[in-house]
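Here are the chains, one letter per residue:
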Amino acid sequence: DLPVDEHLLILLDVWVSGCHLLLPMRWVMLLPLELTTILAFTLPVAVFSPSIVVHRIQNIMLVTFLVSAAALGKRALEIHERVAFTSIATERTLRCQAEHRLSAVTEGQESIVAARQDADTASLPTTAGTGELFDISAENLSTEEHLLRLTQLGFAEHWLVTPEEMQ
């Protein structure tokens, strides 16, 4: 049979751990629970415990450590969730922008095809979707400048692989 101090310590630890793991709350909202738990253990043990002073101090330090570990774990989990959400939001934004650019090119392509139905529309840069997408005919740029633009677009869209990534 456990002494009263240890039994109370286990009950409070289960309560704090359960609240930190199961309640979808911000870590700041759990601060009152954490402080109350430490006080709810410290005051009765310090005043009423039949244990020797060394055991009381050890148990108070133990409950403080357990509550602090649960609080730090909750904070670390919240930071991880925020980073993951930011990453997902950024990827969705990039995808939306790319789809918007592609739809603009597709609409432009359809108008070019409709205007030139009688002309030969083989694979000219002005009529192909890739020519419109990469603005090959829009400006008088050198090949190096066009390749630089394609490289920048590849990095922005995450489809360009760097030489360090290829092993």
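## Focus on the overall build of the protein
When you go through the protein residue by residue, the secondary structure sums to 5 helices and 0 strands. Seen in sequence order, the protein has helices and strands lined up from the N terminus as α-α-α-α-α. Classification of the 167 residues of the protein by burial places 21% in the buried group. Taking as baseline every contact in the protein between residues at least 6 positions apart, the subset at least 24 positions apart corresponds to 51%. For the protein, the exposed surface amounts to about 12,300 Å²; the carbon and sulfur share of it is 67%.

## What to know about the environment of Ala-76
On the secondary structure map, Ala-76 appears in helix H3 (residues 53-115). Judged by relative accessible area, Ala-76 falls into the partly exposed class, the value being 45%. Remark: the alpha-carbon pair of Ala-76 and Trp-27, spanning 49 residues in sequence, is separated by 9.4 Å.

## So, the side chain of Ser-51
On the secondary structure map, Ser-51 appears in the loop between helix H2 (31-48) and H3. Engagement of the side chain of Ser-51 in a polar contact is seen with the side chain of Asp-5, the distance being 2.9 Å. Aside from chain neighbours lying at most four places away, what touches Ser-51 is Asp-5 and Arg-56.

## Structural notes on the side chain of Asn-59
Looking at the secondary structure, you find Asn-59 in helix H3. Overall, the relative accessible area of 8% leaves Asn-59 in the buried class. Each residue touching Asn-59, except ones within four places of it in the same chain, is listed here: Asp-5, Glu-6, Leu-9 and Phe-41.

## A look at the environment of Ala-69
Mapped onto the fold, Ala-69 is located in helix H3. C-alpha separation for the pair Ala-69 and Ser-17, spaced 52 residues apart in sequence, amounts to 9.5 Å.

## Quick notes on the packing of helix H1 (residues 4-22) against H2
Running from amino to carboxyl end, H1 crosses H2 at an angle of 175 degrees, the nearest separation of the two axes being 11 Å. With respect to each other, H1 and H2 are oriented roughly antiparallel. Counting all contacts with H1, which are made through Asp-5, Leu-8, Leu-9, Leu-12, Trp-15, Val-16, Cys-19 and His-20, the residues of H2 involved are Leu-33, Glu-34, Thr-37, Ala-40, Phe-41 and Val-45. Partitioned by chemical class, the residues of the contact of H1 with H2 number 10 nonpolar, 2 polar and 2 charged.

## Examining the confidence of the model for the protein
Mean pLDDT over the protein stands at 82; residues scoring 70 or higher make up 78%. Mean pLDDT values over the elements of the protein span from 53, in helix H4 (residues 129-133), up to 92, in H2.

## A short note on the nonpolar core
Leu-9, Leu-12, Val-16, Ile-38, Phe-41, Val-45, Ile-60, Val-63, Val-67 and Ala-70 together form the largest nonpolar core, which totals 10 residues. Elements with a contribution of two residues or more to this core: H1, H2 and H3. Considering each element in turn, this core owes the most residues, 4 residues, to H3. Excluding residues that lie within four positions of it along the chain, Val-16 makes contacts with Thr-37, Val-67 and Ala-70.

## Details of the pattern of salt bridges
Evaluation of the coordinates by the stated rule reveals 3 salt bridges. Here Arg-26 ties to Glu-78 by a salt bridge, and the two come within 2.6 Å at their closest N and O atoms. With a gap of 52 residues between them, Arg-26 in the loop between H1 and H2 and Glu-78 in helix H3 connect regions that are remote in the sequence. Residues joined in a network through salt bridges with shared partners are Arg-26, Arg-75, Glu-78 and Arg-82.

Conventions and cut-offs
Residues numbered from 1 in each chain as written. Predicted model: local features only at pLDDT ≥ 70, side-chain atom pairs only at ≥ 80, totals over all residues. Heavy atoms only, no water. Helix = DSSP H or I, 4+ residues; strand = E, 2+ residues; numbered from the N terminus. Buried < 20%, exposed > 50% of the residue type's maximum accessible area, 1.4 Å probe, protein only. Contact = heavy atoms within 4.5 Å. Areas by Shrake-Rupley, 256 points an atom, 1.4 Å probe, with all protein chains shown as cover. Polar contact = N/O pair within 3.5 Å; in protein donor to acceptor, adjacent residues only side chain to side chain. Axes fitted to C-alpha atoms, helices over the stretch in contact; angles between N-to-C directions. Parallel < 35°, antiparallel > 145°, perpendicular 65-115°, else oblique. Nonpolar A, V, L, I, M, F, W, Y, C, P; charged D, E, K, R; others polar. pLDDT = per-residue confidence, 0-100. Core = buried A, V, L, I, M, F, W, Y, C linked by side-chain atoms within 4.5 Å. Salt bridge = Lys/Arg side-chain N within 4 Å of Asp/Glu carboxyl O.

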